[in-house]
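# An overview of the molecular structure
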Amino acid sequence: MDQTTAWAGDREPSVDLDVFAPPQQRRWTVLLRIILAIPQLIAMWLLSVGAFIVVIIGWFGALFTGRLPEFAGDYLRSYVAYAGRVYGYTMLLVDQYPPFTLETAPDYPVRVLFPQPTPLNRLAVLFRFFLALPILILVSWFMAGWAVMAIVIWAIVLITGRLPQALFESTAAVLRMQVRVDAYFYLLTPTYLKGIFGDGQAPQAAPGYPAPEGYPAAPGYPAAPAYPAAENFPTPASGFGAGSPTRPLLLSQAARILLIVMLVLGILSSATNAVVGPDNETVEYDYNSLVVP
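Attention here is on the structure that accompanies the text.

## What to know about the overall build of the protein
- Looking only at helices and strands, the protein features seven helices and four strands.
- When the elements of the protein are put in sequence order from the N terminus, they spell out β-α-α-α-β-α-α-α-β-β-α.
- The buried share of the protein, taken over its 293 residues, is 49%.
- Contacts in the protein between residues at least 24 apart in sequence constitute 77% of all its contacts with a sequence separation of at least 6.
- Accessible surface for the protein amounts to roughly 14,100 Å². Of this, 68% is attributable to carbon and sulfur atoms.

## Things to note about unusual backbone geometry
- In this model, Arg 247 is joined to Pro 248 through a cis peptide bond whose omega is 5 degrees.
- Residue position: Pro 248 is located in the loop between β3 (200–201) and β4 (250–251).
- Notably, Leu 92 is not glycine yet its phi reads approximately 65 degrees, a positive angle.
- Among the secondary structure elements, Leu 92 is positioned in the loop between α3 (70–90) and β2 (110–113).
- Residues other than glycine seldom take positive phi values, yet Leu 187 does so here, at roughly 65 degrees.
- Considering the arrangement of structural elements, one finds Leu 187 in the loop between α6 (165–185) and β3.

## A short note on the packing of aromatic side chains
- Summed over the entire model, instances satisfying the criterion amount to seven aromatic pairs.
- When the centroid spacing of 5.2 Å and the interplanar angle of 80 degrees are considered together, the rings of Tyr 89 and Tyr 97 count as edge-to-face.
- Relative to Phe 100, the ring of Tyr 97 lies with its centre 6.1 Å away and its plane at 55 degrees, an arrangement referred to as tilted.
- Residue classification places Phe 100 among the exposed positions, given a relative accessible area of 51%.
- An aromatic cluster of three or more residues is present, and its members are Tyr 79, Phe 185 and Tyr 186.

## As for the environment of Pro 13
- Within the secondary structure layout, Pro 13 lies in the segment before β1 (16–19).
- With 104 residues separating them in the primary sequence, Pro 13 and Pro 117 have C-alpha atoms 8.6 Å apart.
- Excluding its chain neighbours within four sequence positions, the residues that come into contact with Pro 13 are Pro 115, Thr 118, Thr 189, Pro 190 and Thr 191.

## Here's the deal with the pairing of β2
- Every second residue of β2 is oriented toward a common face, with Val 110 and Val 112 on one face and Arg 111 and Leu 113 on the other, all of them buried.
- Judged from the four bridges that link them, β1 and β2 form a sheet pairing that is antiparallel. Paired with Val 19 across the bridge in β2 is Val 110.

## As for the pattern of salt bridges
- Scanning the model with the defined rule gives seven salt bridges in all.
- Asp 16 is the partner of Arg 180 in a salt bridge, and the nearest nitrogen-oxygen pair spans 3.0 Å. You can see Arg 180 sitting in helix α6 and its partner Asp 16 sitting in strand β1, a full 164 residues away along the chain.
- Given a relative accessible area of 0%, Asp 16 falls into the buried group.
- If you follow the salt bridges from partner to partner, you end up with Asp 18, Arg 111 and Arg 247 in one network.

## Regarding helix α2 (residues 33–65)
- Of all bends in α2, the biggest is about 35 degrees, found at Pro 39.
- The first or second residue beyond α2 is Gly 66, which carries a positive phi of 80 degrees.

## Concerning the packing of helix α5 (residues 128–160) against α6
- Taken N-terminus to C-terminus, the directions of α5 and α6 make an angle of 150 degrees; their axes are 9 Å apart at the nearest point. In terms of axis orientation, α5 runs roughly antiparallel to α6. At the point where α5 passes α6, the crossing takes the left-handed sense. Across the interface between the two elements, Arg 128, Phe 129, Leu 131, Ala 132, Ile 135, Leu 136, Val 139, Phe 142, Met 143, Trp 146, Ile 153 and Ile 156 from α5 touch Leu 167, Thr 171, Val 174, Met 177, Gln 178, Val 181, Tyr 184 and Phe 185 from α6.
- Split by residue class, the contact of α5 with α6 holds 17 nonpolar, two polar and one charged.

## So, empty space enclosed by the protein
- Going through the model one piece at a time under the given rule, you end up with one cavity of 30 Å³ or more.
- Roughly 40 Å³ of internal volume is contained in the largest cavity.
- Lining the largest cavity, in full, are Ser 14, Val 15, Arg 180, Thr 189, Thr 191, Tyr 192 and Leu 193.
- Here the residues of the lining of the largest cavity sort into three nonpolar, three polar and one charged.

Cut-offs applied
Residues numbered from 1 in each chain as written. Predicted model: local features only at pLDDT ≥ 70, side-chain atom pairs only at ≥ 80, totals over all residues. Heavy atoms only, no water. Helix = DSSP H or I, 4+ residues; strand = E, 2+ residues; numbered from the N terminus. Buried < 20%, exposed > 50% of the residue type's maximum accessible area, 1.4 Å probe, protein only. Contact = heavy atoms within 4.5 Å. Areas by Shrake-Rupley, 256 points an atom, 1.4 Å probe, with all protein chains shown as cover. Phe/Tyr/Trp six-rings, centres within 6.5 Å; stacked < 30°, edge-to-face > 60°. Pairing = 2+ DSSP bridges. Salt bridge = Lys/Arg side-chain N within 4 Å of Asp/Glu carboxyl O. Bend = angle between axes of the 7 residues up to and from the residue. Axes fitted to C-alpha atoms, helices over the stretch in contact; angles between N-to-C directions. Parallel < 35°, antiparallel > 145°, perpendicular 65-115°, else oblique. Left-handed = near helix turned anticlockwise from the far one by under 90°. Nonpolar A, V, L, I, M, F, W, Y, C, P; charged D, E, K, R; others polar. 1 Å grid on protein atoms, 1.4 Å probe; cavity = no way out; pocket = protein on both sides within 12 Å on 5 of 7 lines; lining within 4 Å. Points joined across faces, edges and corners; volume = space filled by probe spheres on them.

Structure follows, in structure tokens:
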């Protein structure tokens, strides 16, 4: 199972994300990406059924004890980390195929880092679904907007063999939102979604981060002093120095604009789906019924 990560310094227990993009993606894997991802998506769906059952049991445990039971936390962290790796692969952030495992995958270029378990507010646990509903809707808009742009993103990566930096940053931001919302909903952290538009402005030019073997550092980020690493993962360093190309997640102006475009497209897509009926027929409203006799 995925282990929690020891945090450095005094900060909110947030979930962080490491993404190390390859210098070039294999075009044949990009061409067949959605087909290659089908087994992973099926496995993720099966694991999500287990996550639904476990979170219900964990909710009762956290409601009475103020803490998520250990077995529930272990499974849910592993599921969220697994889903993060699958999302990273399907969203073309990385080229390496995700492993079929709930164990820690420290060598995979997408890594979800969790805070140590902390006490939970029982009132917040009681109303967790209602508290999470706004950010669940928000992240669904971002994901829907990315999906609308997916064919264009796919074509760019297919032609060039890599994600342009602005697209890499904005896609990583959407993925981080997804894993943070999942972690909050599954009671893995008491921290509400933050950092929607990153952790700050990306500098124009600077040396890159050190990366796992085979994954070069991304350009456009400043170097920072190193911190001791926790078991299996480097120490999260939001506010404490750089840990990866996405930690802290510094977004360029172009990446922020892309995020806004994704949000607008997601809202429009959701509104369209709400107006269009299940048989793709536009819903006709009886305006006469609104007239008071």
